[in-house]
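Spelled out, the chains give:
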Amino acid sequence: AKEAGKGTYVMYGQAMQQHFDERMIIEKHLRNVISNNELSLHYQPLVDIASGEIWGFEALIRWYSPVLGFVSPLSFIKIAEDSRLIVPIGEWVLRSACRFIKTLQVQGLEGYHISVNISVVQLMLDNFTEMVMGVLQETGLSPEFLELEITESIFIESFEVIVNKLKALRQQGIGVALDDFGTGYSSLSYLQQLPITTLKIDKSFIDGIDSPHNMSLARSIMTIGHDMGLKVTAEGVETPEQLAFLQRTSCDKIQGYYISRPIPENEVAGWVADRKAG
Ligand code: C2E
Ligand code: CA
Ligand code: CA
Ligand code: CA
């Protein structure tokens, strides 16, 4: 038993070391992603359930490293946050996404919103509000077309500081969505203090709506959101059954493979044209 214990310890140690090395390698290669042009954005449509119209798109980062190949944001965002590389990367995402939506507008594809994921590390920056307003000015996009997606992780940081920044951005007309709702720490009383416009129900609740328990959870979340005067978006919608449920429960917007996978930038205009053509 002693030996097994020791063996387990060694294996655990090796796994830790491997994990650490992998993080170091990713961090090293993340440092030059912007200057090396290794980042791109895919855009996933969000559709208004009642009208069937495209409301806009969520910008999702993609990284192709010539050395590491495609690296999923699920593997590198946390490392980018811990190393603060998320600050320039997040600004790049915001600027690129705003510029893209503005380009669509200039091409006559007007009225689409853009949702951009914002890390709590960015929200903590003193000049975050100025940075966002600067990007809007520079790209010529009106604030009402921009929505920022934040997560419940803000509740473990300086809540008040962040709330004040979000309020200032809301006053400019920018939307704020609480992403992955239901998976984190927020209590309802905190939720009420947040200047948000939208709740995005996490995919895990949508996945399970064939079970009565999950269905009632998803329904409760929608009721809470609507009672608070918020719009509700469901993410990760994959099946017609899920869509039918969300229609019955008056969900406002949907996003998921059932509508479309995230689309490379140069294919978005074509996707919109195809959808309009039916
Ligand atoms: P998220 O914000 O919850 O984004 C939704 C994720 O679900 C995306 O994964 C999207 O491709 C995926 N998805 C959408 N519809 C479906 C569906 O119907 N089925 C399934 N199975 N998946 C679906 P992705 O692109 O790999 O991004 C993962 C996470 O990485 C995002 O989760 C977000 O937390 C983070 N992320 C992505 N881009 C950025 C960014 O620019 N900045 C920051 N801070 N985080 C980002
Ligand atoms: Ca998101
Ligand atoms: Ca989400
Ligand atoms: Ca999610």
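Please refer to the structure placed before this passage.
Cut-off values and rules
Residues numbered from 1 in each chain as written. Chains lettered and ligands numbered in written order. Predicted model: local features only at pLDDT ≥ 70, side-chain atom pairs only at ≥ 80, totals over all residues. Heavy atoms only, no water. Helix = DSSP H or I, 4+ residues; strand = E, 2+ residues; numbered from the N terminus. Rg over C-alpha atoms; globule rule 2.2 N^0.38 Å. Buried < 20%, exposed > 50% of the residue type's maximum accessible area, 1.4 Å probe, protein only. Contact = heavy atoms within 4.5 Å. Areas by Shrake-Rupley, 256 points an atom, 1.4 Å probe, with all protein chains shown as cover. Lys, Arg positive; Asp, Glu negative; His and termini not counted. Charge placed at Lys NZ, Arg CZ, Asp CG, Glu CD. Donors = N, O, S within 2.8 Å, 3.2 Å for Na, K, Ca; no water. Tetrahedral: all angles 85-135°; square planar, octahedral: opposite > 155°, others 65-115°.

A. Structural detail: the overall build of the chain. For the chain, the count of helices and strands is eleven helices and ten strands. Relative to the globule expectation of 19 Å for 278 residues, the C-alpha radius of gyration of the chain, 20 Å, shows essentially globular dimensions. C-alpha extents for the chain along the principal axes are approximately 65 × 50 × 40 Å. Here the chain holds 278 residues, and 46% of them are scored as buried. Across the chain, every contact between residues at least 6 apart in sequence was considered, and the portion connecting residues at least 24 apart equals 68%. By element, 53% of the accessible surface of the chain is carried by carbon and sulfur atoms, the whole surface being about 14300 Å². Distance between charge centroids for the chain: 2 Å, based on 23 positive and 34 negative side chains.

B. Expanded view of the coordination of the calcium ion (ligand 3). All of the protein donors around the calcium ion (ligand 3) are Asp179 (OD), Asp179 (OD), Asp180 (OD), Glu235 (OE) and Glu235 (OE); their distances to the metal are 2.0 to 3.1 Å. Taken together, the six donor atoms coordinating the calcium ion (ligand 3) and their angles of 45 to 157 degrees define a geometry best described as irregular. The metal-metal distance between the calcium ion (ligand 3) and the calcium ion (ligand 2) comes to 3.6 Å, with aspartate 179 coordinating both. Of this pair, aspartate 180 sits in strand β6 (residues 175-181) while glutamate 235 sits in the loop between β8 (231-234) and α10 (240-248), placing them 55 residues apart in sequence.

C. Fine view of the coordination of the calcium ion (ligand 2). Within the protein, the atoms that donate to the calcium ion (ligand 2) are Glu58 (OE), Asn117 (OD1), Glu149 (OE) and Asp179 (OD), at distances of 2.2 to 2.4 Å. Sequence positions of the donors to the calcium ion (ligand 2) reduce to the motif E-x58-N-x31-E-x29-D. For aspartate 179, a relative accessible area of 7% gives the class buried.

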